[in-house]
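# Coordinates in review
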Amino acid sequence: MNGKKLPEVLRKIDKKWKGKGQGYIRLMFQDEARFGRITDPRRCWAPYPLRPVCKAMLTREYLYAYAAASVLDGVLDTLILPTANTECMQIFLDEVASRHPEDRIVMVLDGAGWHRSQMLKTPENMLLIRVHSKEATN
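Now for a look at the structure at hand. Just so it is clear, the model here is predicted, and its values are computed rather than measured. Residue positions within a chain follow its written sequence, with the count starting from 1. With the structure being a predicted model, the display of local features is reserved for residues of pLDDT at least 70 and the display and counting of side-chain atom pairs for 80 or more, all residues being used for whole-chain, interface and lining totals. The basis for every side-chain value is the complete set of non-hydrogen atoms in the structure, without hydrogens or water.

## Some points on the packing of aromatic side chains
Stacked, tilted and edge-to-face are the three classes applied to pairs of Phe, Tyr and Trp rings, where Trp contributes its six-membered ring and a pair requires centres within 6.5 Å; stacked means planes under 30 degrees apart, edge-to-face means over 60, and tilted covers the rest. Applying the stated criterion across every chain yields a total of 1 aromatic pair. Taking the centre distance of 5.7 Å and the plane angle of 35 degrees together, the rings of Tyr66 and Phe92 count as tilted. In this pair, Tyr66 sits in strand 2 (residues 60-70) while Phe92 sits in helix 2 (residues 86-99), placing the two residues 26 residues apart along the sequence. Taken as a pair, Tyr66 and Phe92 share a single burial class, namely buried. The criterion is that NZ of a Lys, or CZ of an Arg, lies within 6 Å of the ring centre and within 35 degrees of the ring normal, and then a charge sits over that ring. Between the NZ or CZ atom of Arg34 and the centre of the ring of Tyr62, over which it lies, the distance is 4.3 Å. Working definition: helices are DSSP H or I runs of at least four residues, strands are E runs of at least two. Numbering for both runs from the N terminus. Classification of residues uses two cut-offs on accessible area relative to the type maximum, computed with a 1.4 Å probe and protein chains only: under 20% is buried, over 50% is exposed, and between them is partly exposed.

Encoded structure:
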């Protein structure tokens, strides 16, 4: 699906919607980002003839920011979660659905593996549209 077909797709979704509620269609675009730190061991100075021993441990610590933006009204739903996987994606989808219980949410996702998982259960008031990166650029 490309952007030119989106209005047509939304009209079809509106006519065929079988989810809970018949309220406003909220079009949202979702993605996640990794934030964290990696320690960077450095050389250190010491007077001659000392040779300091600097033990360093490479530390990798990350958090993932999940976000979905509603382009029509600028509403932004976010969660900070410990990893990017199907379980955390499910937590995020359930949270967004609960924040907009009267709306019919059409959520556009990219092609991440946890977005395509068969274990992902779409909330009743939500429809997922998965767009792969090759399709998004055409």
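## Concerning helix 1 (residues 6-16)
Among the residues making up helix 1, those that are buried are Leu6, Leu10 and Ile13. Seen from one end, helix 1 has its buried residues packed into an arc of 60 degrees, which puts them on one side. Pointing more than 90 degrees away from the buried face of helix 1 are the exposed residues Arg11, Lys15 and Lys16. Directions drawn from the helix axis to the C-beta atoms are what define this arc.

## As for unusual backbone geometry
Peptide bonds are, in most cases, trans, and in most cases residues other than glycine have a negative phi. In this structure, the amide linkage connecting Tyr48 to the following residue, Pro49, adopts the cis form with an omega of 10 degrees. Of note, Pro49 is situated in the loop between strand 1 (25-38) and strand 2.

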